[in-house]
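Listed below are the residues making up each chain.
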Amino acid sequence: MALKSSSDEKKIRCFPNILNIIHTLLVIGLVILPSKIYAQSNDDCLTCHSDNELTMEKKGKEISLFVDENIFKNSSHSKLSCISCHKGFDPEAMPHAENIQEVKCISCHQKELTKHSFHPQIIKSMGNGKSSDTSCKNCHGIHDVVSLNNPKGKWNKNNLTTSCSNCHKEETQQYLASNHGSAFKDGDKTAPDCITCHKSPITTSAFGDNKVDKKITQEKLCLSCHLDDDDVKKRTTPSAGFIHAYDKSVHGLALHKDKNGDAASCIDCHESHNILKPTNSQSSVYRINIPNTCGKCHSSIKNEYLESIHGQLVAKGNSDAPSCTNCHGEHNILRVDDPNSPVAFQNLSRQVCSPCHESVALSEKYGLSANRYKTFSESYHGLALSGGSATVANCASCHGVHNIKPSSDPTSTIYKANLVKTCGSCHPGANETFTKGTIHVTLEKEDEPILYWISYIYITLLISVIGGMFLHNFLDFIKKSKIKKLKQRGHIVEEKHGHALYLRMSVNERIQHAVMAVSFMILVLTGFMLRYPNAWWVSHITDIWSDVFIYRSWVHRIAAVAMISVSLYHIYYIAFTQRGRQLVKDLFPTLKDFTDAIGVAKYNLGFSKVKPKLDRFSYVEKAEYWALVWGTIVMSVTGLLMWFYIDYIGLFSKLDWDIARTIHYYEAWLAFLAIVVWHFYFVIFNPDIYPMSLAWFKGTITEAEMAEEHPLELERIKKKQAEERMKSEQNSDDVQS
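In this text the structure is predicted, and so the values were computed from the model without any measurement.

About the thresholds
Residues numbered from 1 in each chain as written. Predicted model: local features only at pLDDT ≥ 70, side-chain atom pairs only at ≥ 80, totals over all residues. Heavy atoms only, no water. Helix = DSSP H or I, 4+ residues; strand = E, 2+ residues; numbered from the N terminus. Rg over C-alpha atoms; globule rule 2.2 N^0.38 Å. Buried < 20%, exposed > 50% of the residue type's maximum accessible area, 1.4 Å probe, protein only. Contact = heavy atoms within 4.5 Å. Areas by Shrake-Rupley, 256 points an atom, 1.4 Å probe, with all protein chains shown as cover. Polar contact = N/O pair within 3.5 Å; in protein donor to acceptor, adjacent residues only side chain to side chain. Phe/Tyr/Trp six-rings, centres within 6.5 Å; stacked < 30°, edge-to-face > 60°. Lys NZ or Arg CZ within 6 Å of the ring centre and 35° of its normal. Disulfide = S-S within 2.5 Å. Pairing = 2+ DSSP bridges. Salt bridge = Lys/Arg side-chain N within 4 Å of Asp/Glu carboxyl O. Arc of directions from axis to C-beta. Patch = residues over 30% accessible without salt bridge, like charges linked within 9 Å, V, L, I, M, F, W, Y side chains within 5 Å. Axes fitted to C-alpha atoms, helices over the stretch in contact; angles between N-to-C directions. Parallel < 35°, antiparallel > 145°, perpendicular 65-115°, else oblique. Nonpolar A, V, L, I, M, F, W, Y, C, P; charged D, E, K, R; others polar. Core = buried A, V, L, I, M, F, W, Y, C linked by side-chain atoms within 4.5 Å. pLDDT = per-residue confidence, 0-100. Expected span 1.5 Å × (residues − 1).

1. Concerning the overall build of the protein chain
- The number of helices and strands found in the protein chain is 38 helices and four strands.
- Its C-alpha atoms give the protein chain a radius of gyration of 50 Å, more than 25% over the compact-globule value 27 Å for 737 residues.
- Overall, the protein chain is about 190 × 85 × 50 Å in size when its C-alpha atoms are taken along their principal axes.
- Split into buried and exposed, the 737 residues of the protein chain put 32% on the buried side.
- For the protein chain, contacts bridging at least 24 residues in sequence account for 57% of all contacts bridging at least 6.
- Just so you have it, the protein chain exposes about 46300 Å², and 61% of that area is on carbon and sulfur atoms.

Listed below in structure tokens is the structure:
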């Protein structure tokens, strides 16, 4: 019981202490605290701060402490009390505190702070910075903060540009004059405003020295509208393919693949705030302004271009003159060594230069020659280039790349006094003799009379000679086909012949013929490949052997050496061997050849029933042989001149080479057509021979072939055989007697 009594006594002694504590809390809660709360109501604050003359001095400056109650009541914070923002002071003290605490907007607007990445410095200062771009109140105001949804609010979408212009005046002016700004003012809902672009970090202040990430981010921002937004794509001209071409361009690859921060991206060319259509003369991508835009990165090339004839015309506002993008492209600019680039070595002349310099309209407008590309494409340089040569000259090799100037300009690479140097860059040792003659040569009488007459004579020969050959063979074919059909039907009794074979070509002669035939066919093939590099049959060859044009010239020259060599051997053969001397003797033309030709023509036309008897070599073989001799001489001389023109560069002029080339070309056609029309007919398609004479392979022909084609020779052989047989019989009788 004693212990219980002691415990109760302790509880009684503690109770007065609890009552004292409760009493103290009641005093604070009912007397002191209410007095504090009620003293800090908005009305109490405005008792003093509604006075528009209320000021204080701070750091030598007089600062107004006036709060306009009407403005505050219309603000977004009208339902808040003053002390919700203003804390840490004694309202009874005057002044309230020695150092008033800055209002901390982020205590309520923490999430909104992260949305202001376009002012990254404000994030670092937590909205309480001293400079204009690091403080919330400098943009949103103090007591006049208005909701973004309020049409009168300065940060409402409609008033955004005006508000930003308070600090960014120049940028705002550029934006309002741009396509984006114009669309925005016209009420286009898809038009971007300041926040549309700057709500994400896209400026140097956000990325520092990391230019690669900055440009990639900027590019993604542009594409978010111009590629990903269907509404924007419908309203703008560039297609998705055109925009996507940047990815594979030299600039796009340099930025994304090589991580080159200096590579051009969207705003480097189109700029940032003053984006204008290419048709606007103030646009950075207007054709006259393009050299300056490209020159921001390519300054030395720009300076070189501006001194060129093209650059001078562009500077004067000439819309026909080419600027950078006319040659290199726009979004799809590729490396010079990219085979798909228009300025690639093999594409430049055809894709870049020819569209302007082949234009009849531009030629008439500016008094230029419209055949410059045509004459180039028909020249050795142009033909070899079309064939895939990587070393032959194109337009830029002579005229320059960005420094193209008229031939009358002393600083031009094609100025007369500079031609030796220009030509010498590819042809070491070139002198003035080398440069004599027309560069872009034509076969017109006014340009080069001698070339005109050469081509005129050869064309006449081609028509008359080949035409005559064709007519002759056509009549011969009709006559022989008719006779053969009559023999088959029994209307003509076919003469029976023996099975003897007669030597037509010795082994030596067959080897000469084979070397000549193979070399001739190779020369025709490789020569016409150069002249007609885009022909259908050439494309089939290149499909089989893609590098054929790399070796074409050497194959052609090796074949030429083979032909010249066998020709020289043939001279030895007909001069120093008995059979050879007899061969050339039998091939010399005689009066009988002339009469035989007339007789065969009369026979084929039906004016005569008797065909002339032809000897070992008729007018057909003789004409072919001497044509071959003539053609070999002409082709060898002109071919060697063109071949050694480079090695003996100072001996021959450009005109000499053009003469040799013209003769070589037409003589090649004459020889080729003569072989096809004349030779192939008589050894292949001749009805008496078809499908082929085997003399070139076996060296012999049948007695029937001899009787039909060489009856005089057959008679002479048989007569000789008869005489030999009689002589042999006589000698045999003498022996027996």
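Next, the rest of the story.
2. A word on the side chain of asparagine 473
- Summarising the element assignment, asparagine 473 is placed in helix H28 (residues 449-488).
- A polar contact is formed between the side chain of asparagine 473 and the backbone oxygen of valine 677, at a distance of 2.6 Å.
- Setting aside anything within four residues of it in sequence, one finds asparagine 473 in contact with Val677, Trp678, Tyr681 and Phe682.

3. Some details on the packing of aromatic side chains
- Inspection of the entire model under this criterion finds 24 aromatic pairs.
- Centre to centre, the rings of phenylalanine 528 and tryptophan 669 are 4.7 Å apart; their planes meet at 35°, and the pair counts as tilted. In this pair, phenylalanine 528 sits in helix H29 (residues 507-531) while tryptophan 669 sits in helix H35 (residues 654-685), placing the two residues 141 residues apart along the sequence.
- Residue class for phenylalanine 528 comes out buried when judged on its relative accessible area of 8%.
- Ring plane angle 70° and centroid distance 5.2 Å describe the contact between tryptophan 678 and phenylalanine 682, whose orientation is recorded as edge-to-face. In this pair, tryptophan 678 and phenylalanine 682 both sit in helix H35, four residues apart, roughly one turn of the helix. Across the pair, phenylalanine 682 and tryptophan 678 agree in class, each one buried.
- Among the aromatic residues, those joined into a ring-pair cluster are Phe528, Tyr532, Trp669 and Phe672.
- Lying over the aromatic face of tyrosine 665, arginine 531 brings its terminal NZ or CZ to 4.0 Å of the ring centre.
- One residue, arginine 557, lies across the ring of tryptophan 554, its end atom 5.4 Å from the ring centre.

4. Details of the state of the cysteines
- Throughout the structure, instances matching the rule amount to zero disulfides.
- Counting only cysteine sulfurs, cysteine 85 is the nearest neighbor of cysteine 108, a cysteine outside any disulfide, at a range of 6.6 Å.

5. Remarks on the pairing of strand E2 (residues 61-64)
- Here strand E1 (residues 55-58) runs beside E2; their pairing, made up of four bridges, is antiparallel. Looking at the pairing, lysine 58 lines up with lysine 61 of E2.
- In sequence, E1 turns back onto E2 through a hairpin of two residues, with lysine 59 there showing a positive phi of about 50°.

6. What to know about the pattern of salt bridges
- For the structure on display, the rule yields 23 salt bridges.
- One salt bridge connects aspartate 230 with lysine 233, and the closest N-O pair in it is separated by 3.9 Å. Here lysine 233 and aspartate 230 lie together in helix H13 (residues 230-235), a separation of three residues that amounts to about one turn.
- What makes aspartate 230 partly exposed here is its relative accessible area of 49%.
- Classification of lysine 233 by relative accessible area gives partly exposed; the value is 33%.

7. Remarks on helix H32 (residues 578-587)
- Among the residues making up H32, those that are buried are Gly580, Leu583, Val584 and Leu587. All buried residues of H32 lie within an arc of 90° about the axis, which places them on one face of the element. Opposite the buried face of H32, by more than 90 degrees, sit the exposed residues Gln578 and Lys585.
- The N-cap of H32, judged by a side-chain oxygen 3.1 Å from the amide nitrogen of glycine 580 a few residues on, is threonine 577.

8. A word on the environment of glutamate 444
- Inspection of the secondary structure puts glutamate 444 in the loop between helix H27 (432-435) and H28.
- Considering only alpha carbons, one finds glutamate 444 and valine 548, 104 residues apart in sequence, at a separation of 33 Å.
- Residues contacting glutamate 444, with those up to four places away along its chain left out, are Pro449 and Tyr452.

9. Regarding a nonpolar patch on the surface
- Together, Val518, Met521, Ile522, Ile544, Trp545, Ile550, Tyr551 and Val555 line one region of the surface with nonpolar side chains, adding up to about 790 Å² of accessible area.
- The set of elements that each furnish at least two residues to the nonpolar patch consists of H29 and helix H31 (548-576).

10. Looking at the packing of H31 against H32
- Close contact between H31 and H32 brings their axes to 5 Å; oriented N to C, the two are set at 95°. With respect to their mutual orientation, H31 and H32 come out roughly perpendicular. On the side of H31, the interface is formed by His570, Tyr573, Ile574, Ala575 and Phe576, while H32 contributes Gln578, Arg579, Gly580, Arg581, Leu583 and Val584.
- Considered class by class, the residues forming the contact of H31 with H32 number six nonpolar, three polar and two charged.

11. Observations concerning the nonpolar core
- If you look at the biggest cluster of nonpolar residues, it comprises 21 residues, and the most contacted ones within it are Tyr458, Ile466, Met469 and Ile663.
- Elements supplying a minimum of two residues to this core: H28, helix H34 (619-644) and H35.
- It is H35 that contributes the most residues to this core, 10 residues altogether.
- Once residues lying within four places of it in the same chain are set aside, the contact partners of tyrosine 458 are Val634, Ile663, Tyr666, Glu667 and Leu670.

12. Remarks on unusual backbone geometry
- Here the bond from tyrosine 690 into proline 691 is cis, since omega is 10°, no more than 30 degrees from zero.
- Counting through the fold element by element, proline 691 comes out in the loop between H35 and helix H36 (695-698).
- Residue glutamate 271 is not a glycine yet carries a positive backbone phi of 70°.

13. Re the confidence of the model for the protein chain
- Per-residue pLDDT for the protein chain averages 88, and the proportion of residues at 70 or more is 94%.
- Of all secondary-structure elements in the protein chain, the lowest mean pLDDT belongs to helix H1 (residues 2-39), at 50, while H29 reaches the highest, 97.
- Note that pLDDT drops below 50 for residues 1-15; the model gives that stretch zero contacts with residues more than four away or on any other chain.
- pLDDT under 50 marks residues 30-39. Its contacts with residues more than four places away, or in other chains, come to eight contacts.

14. Section: the side chain of threonine 632
- Turning to its location among the elements, threonine 632 is positioned in helix H34.
- Relative accessible area serves as the criterion here: at 10%, threonine 632 is assigned to the buried category.
- When residues no more than four places from it in sequence are discounted, the contact partners of threonine 632 are Met563 and Ser567.

15. A look at helix H33 (residues 591-605)
- Between its terminal C-alpha atoms H33 stretches 22 Å, which fits the 21 Å expected from 15 residues at 1.5 Å a residue.
- Close packing links the buried residues of H33 with H28 and H34.
- Positive phi appears at glycine 606, one or two residues downstream of H33, with a value of about 90°.

16. Description of the environment of leucine 65
- Secondary-structure assignment places leucine 65 in the loop between E2 and helix H3 (69-73).
- On the basis of relative accessible area, leucine 65 is assigned to the partly exposed category, the value being 26%.
- Setting aside chain neighbours within four positions, we find leucine 65 in contact with His49, Leu54, Thr55 and Met56.

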